[in-house]
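Take a look at the letters that make up each chain.
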Amino acid sequence: PGKKGRIDFEQVSFSYDGEGGQPVLKQISFTCLPGETVGIIGSTGAGKSSLVGLIPRFYDVTEGTIRVDGMDVRDIEPKRLREKMAIVPQKTMLFTGTVLENIRWGKAEATHEEVEQAARMAQAHEFISATPDGYETRVGQGGVNFSGGQKQRISIARALVKKPEILILDDSTSAVDVATEGKIKDALRAYAAGLTCILIAQRITSVMDADKIIVLDNGEVVGIGTHDELMTSCQVYQEIFQS
Ligand code: DCP
C-alpha cells in the first residue's frame, strides 16, 4: 500500500451502447487520494455499479479519463491493474468448494495464515471456526448453509487476501448487520492505513464516516463532501438520510 491507490476521474461519461448511446454516467470528476475511503450513494439505477466497474475496466469510458496512480487505466497492463485492486461485487459469487478454496480464489498461493488473517478482518473467522469442519466446510450443496451476510463476509475475505491497494465494495455489506459492518471497517483501517477504499452503499450509516461521499443521481454527481457538508448542502443526500 503506502502512497499507492490514487484514483482520478476526469470528465468521465459512459454509455453501455458506446458514443451516442444513452448516457449512464455524465461528466464525472473526482479524486480519491491514497488511503482515503470514498463512499458512493444514490438511488437504484443512479449508476454506482457502472461507475466502479470502469476502474478495473469491466467497461471502458465513453469519454474522459480514469487514472490510477496518475496513469490512464487503459495504459496499465491488465495483469498489473488486476493485481492493484479487488472488487467485491453486489452479488456474491462463491462456488461449491470449501471456504478455504473460496477465499484462496483471491490469491491462489495464499498461506493458511493469510487466509485466516483476511477472514478475521472480514469478520468471518469466528463463524467459519464455529462450524465442525472450519475452513474445510463446503459452501452450498448440503452441509452448512451460510447466510447471505456470511457469504458477503467470505467474499470480502477473498478480496482482502489479495492485499490490494484499492478495495471496491459494491454494496457488499447490505446483508451484514450495522455493528459487524462497523467492525469490518475498523479492521480495514487498523490493518492498512494505505488502503484506498471505494464503498457503494444503500444505507447512509455505511458511508457516514467516509473521507468523502459522492452522491449520484441519474448518472450525475449532485453532491460531494463529508456527511456534515452534504447534510447542509445536498438535497438529494438529505432525502436519502430521511428515507
Ligand atoms: N445498465 C445497463 N446495462 C448494464 C448495467 C446497467 O444498461 N449491464 C443501466 C441500468 C441503469 C444504469 O445503467 O439505468 C445504471 O445502472 P447501475 O447498475 O450502474 O446503477 P446502480 O448501481 O446505481 O443501481 P443499484 O443500486 O440498483 O445497483
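The present account deals with the structure reproduced in this document. (Residues numbered from 1 in each chain as written. Predicted model: local features only at pLDDT ≥ 70, side-chain atom pairs only at ≥ 80, totals over all residues. Heavy atoms only, no water.)

### Side note on the pattern of salt bridges
So, point 1. Going through the model one piece at a time under the given rule, you end up with 17 salt bridges.
So, point 2. For R80, the salt bridge identified is with E165, shortest N-O distance 3.5 Å. Placement of the pair is R80 in helix α2 (residues 78–84) and E165 in the loop between α6 (148–160) and β7 (166–170), with a sequence separation of 85 residues.
So, point 3. For R80, a relative accessible area of 30% corresponds to the partly exposed category.
So, point 4. A residue is classified by how much of its surface remains accessible, and E165, at 11% relative accessible area, is buried.
So, point 5. A salt bridge links K107 to E114, with the nearest nitrogen and oxygen atoms 3.4 Å apart.
So, point 6. Taken together, the salt bridges that share partners define one network made up of D69, K79, R80, E83, K84 and E165. (Salt bridge = Lys/Arg side-chain N within 4 Å of Asp/Glu carboxyl O. Helix = DSSP H or I, 4+ residues; strand = E, 2+ residues; numbered from the N terminus. Buried < 20%, exposed > 50% of the residue type's maximum accessible area, 1.4 Å probe, protein only.)

### Let's talk about the packing of aromatic side chains
So, point 1. Scanning the model with the defined rule gives 5 aromatic pairs in all.
So, point 2. Plain terms: the ring middles of F9 and F30 are 4.6 Å apart, the flat faces sit at 20 degrees to each other, and that makes the pair stacked. Placement of F9 in strand β1 (residues 7–14) and of F30 in strand β2 (residues 25–32) is noted, with a sequence separation of 21 residues between them.
So, point 3. Judged by relative accessible area, F9 falls into the buried class, the value being 3%.
So, point 4. For F30, a relative accessible area of 5% translates into the label buried.
So, point 5. Every member of this aromatic cluster is reached through a ring pair, and the members are F14, Y16 and Y59. (Phe/Tyr/Trp six-rings, centres within 6.5 Å; stacked < 30°, edge-to-face > 60°.)

### A few points about helix α4 (residues 112–121)
So, point 1. Taken together, the buried positions of α4 are occupied by E114, V115, A118, A119 and M121. The arc that holds every buried residue of α4, seen down its axis, measures 160 degrees, which confines them to one face.
So, point 2. Structurally, α4 contributes buried residues whose contacts are with α3 (99–104), α5 (125–129), α6 and α7 (178–191).
So, point 3. Residue Q123 follows α4 closely and has a positive phi angle near 60 degrees. (Arc of directions from axis to C-beta. Contact = heavy atoms within 4.5 Å.)

### A few points about the site of the ligand
So, point 1. Lining the immediate environment of the ligand, one finds 13 residues, of which T44, G45, K48, S49 and S50 sit closest.
So, point 2. T44 places a polar side-chain atom, nitrogen or oxygen, 2.7 Å from an oxygen atom of the ligand.
So, point 3. S50 is positioned with one of its side-chain polar atoms (N or O) 2.5 Å from an oxygen atom of the ligand.
So, point 4. Coverage of the ligand by the protein amounts to 60% of the 600 Å² it exposes when considered alone. (Near = heavy atom within 4 Å. Polar contact = N/O pair within 3.5 Å; in protein donor to acceptor, adjacent residues only side chain to side chain. Areas by Shrake-Rupley, 256 points an atom, 1.4 Å probe, with all protein chains shown as cover.)

### Some points on the sheet that holds β2
So, point 1. The strand order β2-β1-β4-β5 describes an open sheet built from 4 strands, whose pairing is antiparallel. The open sheet terminates on both sides in strands that have one partner only, identified here as β2 and β5 (71–72).
So, point 2. Bridge count for β1 against β2 is 5 bridges, and the pairing is antiparallel. In the strand pairing of β2, F9 is matched with F30. (Pairing = 2+ DSSP bridges.)

### Section: a nonpolar patch on the surface
So, point 1. Residues Y16, F58 and Y59 make up a contiguous nonpolar surface patch of roughly 350 Å² in combined accessible area.
So, point 2. In this fold, F58 is placed in the loop between α1 (48–53) and β4 (63–68). (Patch = residues over 30% accessible without salt bridge, like charges linked within 9 Å, V, L, I, M, F, W, Y side chains within 5 Å.)

### Comments concerning the side chain of K84
So, point 1. The topology assignment puts K84 in helix α2.
So, point 2. A residue is classified by how much of its surface remains accessible, and K84, at 5% relative accessible area, is buried.
So, point 3. Those residues within four positions of K84 in sequence are excluded, and the remaining contacts are K4, V68, D69, P164, E165 and I166.

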